[in-house]
Amino acid sequence: MLHNFENIFANIFGKDVFEDFVGHYQSEYNDLVNDLRRKIKSNQNRKVPLHIPAGMMDELKDVGDKHIRSAIQQSVYADCISNVNESIKISPEFFHNLFLEIGANVKKMLKDCFDSSSLSKVGYVNVIVVGNLASSAILTNTIKYAFPSHHLVAPPEPNVVVIKGAVIYGQERKSDTRVR
């Protein structure tokens, strides 16, 4: 998904401009990625706004909104992305399409896991998702629709669950090494 997102920006603003932005403004790039991840959490049915970072505007060198609008119109994304005051707005359909590959990979991985462990024969399985994408309505809905007979468990604070799991694993590993 992130790779697709980067390709969109590189296609609109130019690969060199985007790579210069990432190289010179790493913290702003990280903020942009985190903003995208926050937007992933909600299954929005309206255009998804993303602010164009100041560093990106600096890399575009004295290019105003008019040029950005023109660049978007000339890109393959003209139908699904618009520009308004240093922000781009992505149509909900296109935003959801960014996750199709991720959803397909997750569905395949879960199906393979169920099949290899004979869980595909069990009528009901709890699927627990944690981490950043666990709070993504888009991803959780993909799993729910792909496996309707299974129960999806997405804890309210999925990142905390990852940290707790790491602590528990670390404690168990520590006790394992003492026994040896």
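Residues numbered from 1 in each chain as written. Predicted model: local features only at pLDDT ≥ 70, side-chain atom pairs only at ≥ 80, totals over all residues. Heavy atoms only, no water.

### A word on the pairing of strand β2 (residues 81–84)
- Here β2 shows a clear split, with Ile 81 and Asn 83 buried on one side and none of Ser 82 and Val 84 buried on the other.
- Taken together, the four bridges between β2 and strand β3 (residues 87–90) define a ladder with antiparallel strand orientation. Residue Val 84 lies in a different strand from β3, and its bridge partner there is Ser 87.
- Where β2 hands over to β3, the hairpin turn is made up of two residues, of which Asn 85 adopts a positive phi near 45°. (Buried < 20%, exposed > 50% of the residue type's maximum accessible area, 1.4 Å probe, protein only. Helix = DSSP H or I, 4+ residues; strand = E, 2+ residues; numbered from the N terminus. Pairing = 2+ DSSP bridges.)

### A few points about the packing of aromatic side chains
- Overall, the coordinates contain six aromatic pairs when judged by the stated rule.
- Ring geometry for Phe 18 against Tyr 29: centres 6.2 Å apart, planes inclined by 75°, an arrangement best described as edge-to-face. Taken together, the residues span a long stretch of sequence, with Phe 18 in helix α2 (residues 15–24) and Tyr 29 in helix α3 (residues 26–40) at a distance of 11 residues. Here the two residues Phe 18 and Tyr 29 agree in accessibility, since each one is buried.
- Between the aromatic rings of Phe 21 and Tyr 25, the centroid separation amounts to 6.1 Å while the plane-to-plane angle is 20°, which identifies the pairing as stacked.
- The exposure class assigned to Tyr 25 is partly exposed, which follows from its relative accessible area of 23%.
- Joined through ring pairs, the aromatic side chains of Phe 9, Phe 18, Phe 21, Tyr 25 and Tyr 29 make up one cluster. (Phe/Tyr/Trp six-rings, centres within 6.5 Å; stacked < 30°, edge-to-face > 60°.)

### Concerning the sheet that holds strand β1 (residues 48–51)
- Judged by pairing direction, the sheet is antiparallel, and its three strands sit side by side in the order β1-β3-β2 without closing on themselves. Strands with a single pairing partner mark the edges of an open sheet, and in this sheet they are β1 and β2. Looking at each pair of strands side by side, their axes are set apart by 25° on average, direction ignored.
- Sheet topology places β1 next to β3; four bridges connect them, and they run antiparallel. Paired with Leu 50 across the strands is Ile 88, a residue of β3. (Axes fitted to C-alpha atoms, helices over the stretch in contact; angles between N-to-C directions.)

### A word on α2
- The complete set of buried residues in α2 reads Val 17, Phe 18, Phe 21 and Val 22. With its buried residues spanning 130° around the axis, α2 presents them on a single face. Turned more than 90 degrees off the buried face of α2, the exposed positions are Lys 15, Asp 16, Gly 23 and His 24. (Arc of directions from axis to C-beta.)

### Quick look at the pattern of salt bridges
- Applying the stated criterion across every chain yields a total of three salt bridges.
- Put simply, Asp 115 and Lys 111 hold a salt bridge, and the shortest N to O gap is 2.8 Å. Here Asp 115 and its partner Lys 111 are both found in helix α7 (residues 100–116), four residues apart, which amounts to about one turn of the helix.
- By relative accessible area, Lys 111 is classed as partly exposed at 46%. (Salt bridge = Lys/Arg side-chain N within 4 Å of Asp/Glu carboxyl O.)

### Focus: the environment of Ala 146
- Here Ala 146 lies in helix α8 (residues 137–146).
- A C-alpha to C-alpha distance of 9.9 Å links Ala 146 and Val 106, two positions 40 residues apart in sequence.

### Structural notes on the packing of α7 against α8
- Viewed as axis vectors pointing N to C, α7 and α8 meet at an angle of 45°, and their least axial separation amounts to 10 Å. With respect to α8, the element α7 is oriented oblique. The handedness of the crossing between α7 and α8 is right-handed. Only Leu 139, Thr 142, Ile 143 and Ala 146 of α8 make contact with α7, whose side of the interface consists of Ile 102, Gly 103, Val 106, Lys 107 and Leu 110. (Parallel < 35°, antiparallel > 145°, perpendicular 65-115°, else oblique. Left-handed = near helix turned anticlockwise from the far one by under 90°. Contact = heavy atoms within 4.5 Å.)

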